[in-house]
Amino acid sequence: QPQLEESGGGLVQAGSSLRLSCVVSRHADNFNNFAMGWFRQAPGKEREFVATISRAGTGTLYADSVKGRFTISRDNAKSTVNLQMNSLKPEDTAVYYCAADAAKSYVMSTRGQMDFWGKGTLVTVSS
């Protein structure tokens, strides 16, 4: 099965930016067949949807809490999905997970029942 690896997390101040990346390193030839998404989980809270992107990269969806601040993108040639996070807020603090789905649309992927998950990267935003 595909292996997903996130990178780019760290500790930043509110108002700063971070760019997360997720690389599919196994079965990367199938990357174009995956709807991709980012999810996050804060301590003591349930994992929540952040953003998803369609297979061709032409469709995107965002949680209301990040709309206008975060941008999801993908580079199918590099089997990579990115999350540009601007104007970060303390409430954005969470472990961010990259996920892939082989069958669902990027719209249905917002529900979070994805086929494959990365191990996560921690984003901490201080005030």
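Our subject is the structure listed above.
Residues numbered from 1 in each chain as written. Predicted model: local features only at pLDDT ≥ 70, side-chain atom pairs only at ≥ 80, totals over all residues. Heavy atoms only, no water.

Another aspect to go through is the pattern of salt bridges. Two side chains of opposite charge can pair, provided their charged atoms sit close to one another. The final tally for this structure, using the stated rule, is 5 salt bridges. The residue E48 makes a salt bridge to R40 at a minimum N-O spacing of 2.7 Å. For D101, the salt bridge goes to K104, with nearest N and O atoms at 2.3 Å. Here the salt bridges share partners, and the residues they tie into one network are R40, E48, R69 and D92. (Salt bridge = Lys/Arg side-chain N within 4 Å of Asp/Glu carboxyl O.)

The element strand β3 (residues 18–24) is largely enclosed, with a buried count of 5 among its 7 residues. Judged from the 4 bridges that link them, strand β1 (residues 4–7) and β3 form a sheet pairing that is antiparallel. Looking at the pairing, L4 lines up with V24 of β3. Two elements, β3 and strand β8 (residues 80–85), share 6 bridges in a ladder whose sense is antiparallel. Directly across from R19, in β8, lies its bridge partner Q84. (Buried < 20%, exposed > 50% of the residue type's maximum accessible area, 1.4 Å probe, protein only. Helix = DSSP H or I, 4+ residues; strand = E, 2+ residues; numbered from the N terminus. Pairing = 2+ DSSP bridges.)

With that settled, the discussion passes to the side chain of T80. By the element assignment, T80 lies in strand β8. Polar side-chain contacts of T80 include one of 2.8 Å to the backbone oxygen of K78. Look past the residues within four positions of T80 in its chain and what remains in contact with it is S21, C22, V23, F31, S73, R74 and D75. (Polar contact = N/O pair within 3.5 Å; in protein donor to acceptor, adjacent residues only side chain to side chain. Contact = heavy atoms within 4.5 Å.)

Note on sheets: strands pair through backbone hydrogen bonds, and any given pair is parallel or antiparallel. Strands sit in the order β1-β3-β8-β7 across an open sheet of 4 strands; the sheet is antiparallel. Sheet topology places β1 and β7 (70–75) at the edges, where each strand pairs with a single neighbour. Across the sheet, the axes of successive neighbouring strands diverge by a mean angle of 15°, strand direction being ignored. (Axes fitted to C-alpha atoms, helices over the stretch in contact; angles between N-to-C directions.)

Any functional reading would require information beyond the geometric quantities listed.
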